[in-house]
Amino acid sequence: MRTSFWESVVEDGCRVPSEAPLDELTTELVAMLGQPDRHVRDDLAYGVLAAWIGEGVYDDLLPGLGDGLAHALRQGLGDDGTDSVLRRSFSALVLADVVRRDNTVHLLHPQQVVAWADRGMSWYVAERDLRGWEARVGWIHAVAHGADLMGSLAASRHLGAGELAVLLDVLAERLLAPTRHRWSHGEDDRIALATMSILHRDLVAADTCETWLERLAAPFGGRFDPFAPQPSNVSGYLRALHLQLLLGVDRTATQAVSAEPWRAPAVRGDMLIAVQGLLRRSAPYALRQA
């Protein structure tokens, strides 16, 4: 790990250095994604990789880069509270950039993207370490980074109505999985934005969305503690989704490649009614019931 070398690359506007082949430089950068030093991981490794992907440096190498990142999602999976989550989480974030690049330049084969979607969403459901921020290492954010990957995949021309419905199911499984982590670092907004990226494709029917939403009522049955991690996380997500449906969004991956990014999802009205119903059930002590 050559911190000073990569700092000079960033200072030089992230121009590709000539000192070593691109594949060797990339191997080093991807390994740095797992470093507990937030400067090395966030500013240098992720900063350079995101810049090079966005500038087209990897356009001829996207399949190999994406495969390597997808493979890294399995390393240490099942751990909770260790630094192994950093490599997984930031690999997901970079893979989101790879998919987003293909959404713009159309270079990848459908099977490639679908395979990454399978690996990425399998990781997202199985990830146990859901910490957002820690003073020692900074941002961890597997929940948010997985949502970013989901949002990029939702915008892919290679995913149709069936695959988008699967993404919604994955999101429900992530929200309903037992956890000791209560989200408090913007995870709910990021997951809601990924949901909006799915809805803006206008491929998933309203009844499918409503059936999916009904699954999220599970934590609010009988007597429940609204401040326990799972009900709190689901409630926070529903509030974020309600606000984004109500006010509209302009930053989804789908909108970035849409000819009409200002148009609201066709299911917006139905979703608003369904989400409001769930919100009433999540806070019967505060919200008037319909």
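Residues numbered from 1 in each chain as written. Predicted model: local features only at pLDDT ≥ 70, side-chain atom pairs only at ≥ 80, totals over all residues. Heavy atoms only, no water.

**A short note on the pattern of salt bridges**
Now for step 1: Per the stated rule, a full pass over the model turns up 15 salt bridges.
Now for step 2: Of the charged contacts, one joins R100 and D97 as a salt bridge, the two residues approaching to 2.6 Å between their closest N and O atoms. Placement of the pair is R100 and D97 together in helix α5 (residues 84–105), with a separation of 3 residues, close to one helical turn.
Now for step 3: A residue is classified by how much of its surface remains accessible, and D97, at 12% relative accessible area, is buried.
Now for step 4: A salt bridge links E214 to R281, with the shortest nitrogen-to-oxygen separation between them at 3.1 Å. You can see E214 sitting in helix α10 (residues 206–215) and its partner R281 sitting in helix α13 (residues 268–282), a full 67 residues away along the chain.
Now for step 5: Since its relative accessible area comes to 44%, E214 is described here as partly exposed.
Now for step 6: Salt bridges here are not isolated pairs; linked through shared partners, they connect D129, R131 and E134. (Salt bridge = Lys/Arg side-chain N within 4 Å of Asp/Glu carboxyl O. Helix = DSSP H or I, 4+ residues; strand = E, 2+ residues; numbered from the N terminus. Buried < 20%, exposed > 50% of the residue type's maximum accessible area, 1.4 Å probe, protein only.)

**Some points on the layout of surface pockets**
Now for step 1: There is about 270 Å³ of room inside the largest pocket.
Now for step 2: Lining the largest pocket are 13 residues, and of these R100, D148, L193, R251 and A253 lie nearest its centre.
Now for step 3: Secondary-structure elements contributing two or more residues to the lining of the largest pocket are α7 (142–154), α9 (187–199) and α12 (253–256).
Now for step 4: Looking at the lining of the largest pocket, its residues break down into 5 nonpolar, 4 polar and 4 charged.
Now for step 5: Space inside the second largest pocket adds up to approximately 180 Å³.
Now for step 6: Residue lining of the second largest pocket: 13 residues in total, with H200, D202, T254, S258 and E260 positioned closest to the centre.
Now for step 7: Of the residues assigned to the lining of the second largest pocket, the class counts are 5 nonpolar, 4 polar and 4 charged. (1 Å grid on protein atoms, 1.4 Å probe; cavity = no way out; pocket = protein on both sides within 12 Å on 5 of 7 lines; lining within 4 Å. Points joined across faces, edges and corners; volume = space filled by probe spheres on them. Nonpolar A, V, L, I, M, F, W, Y, C, P; charged D, E, K, R; others polar.)

**Digging into the nonpolar core**
Taken as a class, soluble globular proteins show a tendency for nonpolar side chains to be buried jointly.
Now for step 1: In this structure, W6, L216, Y237 and L238 are the most contacted members of the largest nonpolar core, which totals 85 residues.
Now for step 2: When residues in this core are grouped by element, the largest group, 10 residues, is from α5.
Now for step 3: Ignoring sequence-local partners within four residues, the contact set of L238 consists of L213, L216, F220, V275, L278 and L279. (Core = buried A, V, L, I, M, F, W, Y, C linked by side-chain atoms within 4.5 Å. Contact = heavy atoms within 4.5 Å.)

**With respect to the environment of A283**
Now for step 1: On the secondary structure map, A283 appears in the segment after α13.
Now for step 2: Once the C-alpha coordinates of A283 and V166 are considered, the two residues, 117 residues apart in sequence, prove to be 28 Å apart.
Now for step 3: Those residues in contact with A283 that lie beyond four places of it in its chain are R239 and Q289.

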